[in-house]
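Commentary on secondary and tertiary structure
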Amino acid sequence: MKLSPATLLLTVTGVSGAAISPRHDGKALYFLDNNPAGASVVALQISEKDGTLSNPVRTFTGGVGLLGLTGTGAPGMSDTTFSQDIVVVSGNQLFTVSPGSNTLSVFAISPTNPSTLTPVGAPISTGGGDFPNSVAFSHALHLACVLNTGVKAGVACFHVDTRTGVTPSGDFVPLPGINQASNPPTGPPNTGSDIVFNPSSTALFVTVKGDGTNPGYIYAFPVVGDKISAKGVVVSRPPELLIDFSISFFGRDDTRAVVTDPAYGASFVEVSYPSLEVKVTKQVVVANQGATCWSVFSERFNAVFIFDGGNPNVTTLDPATGDVKYTIVGPTGKGGSFDSIASGKYLYVLQGAAGISVFSLEGSVGAHKVPKLVQSLELSGLGSRQGWMGLAVYPN
Ligand SMILES: *[C@@H]1O[C@H](CO)[C@@H](O)[C@H](O)[C@H]1NC(C)=O
């Protein structure tokens, strides 16, 4: 084949673009199976054509799961880690934890077959912490930080280098707001929920649920050099935030985020800089909500989606005002809505039953059209739903 100069130019442009957005021949969705008999990541192929899911593939983390206890003294049938962001993807890397082994696992994602995960070294101890349940990664800092919410509760960070592997960064940072007497922890109250970097990677945020009576905690650690500063920590306890669950920043905006609260719905918060203080700008009380725990921001669809573990319907908020824009009708007979993620034109929702829903977001901006369910994938063939947590997408 003879290539015209124009074709060559396009080819060269494509190759140089690869450094920013890696070339890929597929898309995949991942969740963690927090199974005490062996923790694993389940990957599902995402159709390039219509966003639907197929072909589950399981990869073991090398550690074991552990089921958090509820007030009854027994684990629940879902949300067994009380958290968001237990699986995250950045570039060609996937990060997750094994709550029963107190380890972080890092995998390389195959760009040609993203359901294939290759461990980057052995699982690494989460700094002596117990019951890791959420992980954050900053590409800019090459830094992964893990939230632990057992008896030894706190944050452990790791430098991640594609050549030298995963090594501890700084000391374990205790979180005194979490007060657990034994492992596994009892929740959801009094447990850590979510750990995230702000969009510019200048600070790390951790949400901790209150004890059921008093407000929860938001810890903000400034980034100094390529590490988080434990000394510089700022603790905010806005009175509106009771059972602080997920925190999701609004795209590239360091100052605005949503914090879900299963006590009533969600709150929009504002982060001040350089003080790192967090205050509530709008409390969103969702009528008849059961347990609003997870959240997703979509810049493309100008929406904040919040997910209720007791309801398959998804409440959608206007990012500017916090008003309800619309409610997406979820599937019936599949339980409530758990960890979720938006990718391309689609929204993926882990259900309370063994399944994942796919909603098409196309047309949901401006025209008052509500996203539609396009697939309700049945996954009971994979075994017990109890340990399933987290949702992440490659490429993201
Ligand atoms: C979900 O929304 C539909 C449509 O408004 C409604 O009929 C249904 O009762 C809702 N489900 C729940 C559990 O609230």
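Residues numbered from 1 in each chain as written. Predicted model: local features only at pLDDT ≥ 70, side-chain atom pairs only at ≥ 80, totals over all residues. Heavy atoms only, no water.

- You'll find the chain entered in an unreviewed UniProt entry as 3-carboxymuconate cyclase, with Apodospora peruviana given as the organism.

1. Quick word on the state of the cysteines
- Under the definition given, this model contains one disulfide.
- One disulfide bridge connects Cys145 with Cys157, the sulfur atoms lying 2.1 Å from each other. Note on the Cys145 and Cys157 pair: the S-S dihedral is about 105°, so by sign convention the disulfide is right-handed. With Cys145 in strand S10 (residues 143-148) and Cys157 in strand S11 (residues 154-161), the pair connects residues that are twelve residues apart, well separated along the chain. The pair Cys145 / Cys157 is uniform in exposure class, with both members buried. (Disulfide = S-S within 2.5 Å. Helix = DSSP H or I, 4+ residues; strand = E, 2+ residues; numbered from the N terminus. Buried < 20%, exposed > 50% of the residue type's maximum accessible area, 1.4 Å probe, protein only.)

2. Some details on the environment of Pro99
- Among the secondary structure elements, Pro99 is positioned in the loop between strand S5 (93-98) and strand S6 (103-109).
- Dropping the residues within four chain positions of it, Pro99 is found in contact with Leu32, Asn34, Val64, Gly65, Leu66, Thr81, Ile86, Phe131 and Pro132. (Contact = heavy atoms within 4.5 Å.)

3. Things to note about the pairing of S10
- Most of S10 sits inside the fold, with six of its six residues counted as buried.
- By the bridge criterion, six bridges tie strand S9 (residues 132-138) to S10 in an arrangement that is antiparallel. Its bridge partner being in S10, Ser138 is matched across the sheet by Leu143.
- In textbook terms, the turn of a hairpin is the stretch between consecutive antiparallel strands, and for S9 and S10 this stretch comprises four residues, one of which, His142, has a positive phi near 55°.
- With six bridges joining them, S10 and S11 adopt antiparallel strand pairing. Looking at S11, one finds that Leu147 is bridged to Val155.
- Where S10 folds back on S11, the antiparallel hairpin that results is connected by five residues. (Pairing = 2+ DSSP bridges.)

4. Remarks on the site of the ligand
- Around the ligand, a shell composed of Asn311, Asn313 and Val329 is seen.
- In this structure, Asn311 approaches the ligand through a side-chain N or O atom, which is 3.1 Å from an oxygen atom.
- At a separation of 2.3 Å, an oxygen atom of the ligand approaches a polar side-chain atom of Asn313.
- For the ligand, whose unbound accessible area comes to 360 Å², protein coverage reaches 33%. (Near = heavy atom within 4 Å. Polar contact = N/O pair within 3.5 Å; in protein donor to acceptor, adjacent residues only side chain to side chain. Areas by Shrake-Rupley, 256 points an atom, 1.4 Å probe, with all protein chains shown as cover.)

5. What about the packing of aromatic side chains?
- Scanning the entire structure with this criterion turns up nine aromatic pairs.
- A centroid spacing of 4.8 Å and a plane angle of 40° characterise the contact between Phe31 and Trp388, whose relative ring orientation is tilted. Within this pair, whereas Phe31 is found in strand S1 (residues 27-33), its partner Trp388 is found in strand S30 (residues 388-394), the two being separated by 357 residues in sequence. The two residues Phe31 and Trp388 agree in class, both being buried.
- Taken together, Tyr217, Tyr219 and Phe221 form an aromatic cluster joined through their ring pairs.
- The ring of Phe245 is capped by Lys209, whose NZ or CZ atom sits 4.7 Å from the centre of that ring.
- One Lys or Arg, Arg385, reaches over the ring of Phe338 and ends 5.1 Å from the middle of that ring. (Phe/Tyr/Trp six-rings, centres within 6.5 Å; stacked < 30°, edge-to-face > 60°. Lys NZ or Arg CZ within 6 Å of the ring centre and 35° of its normal.)

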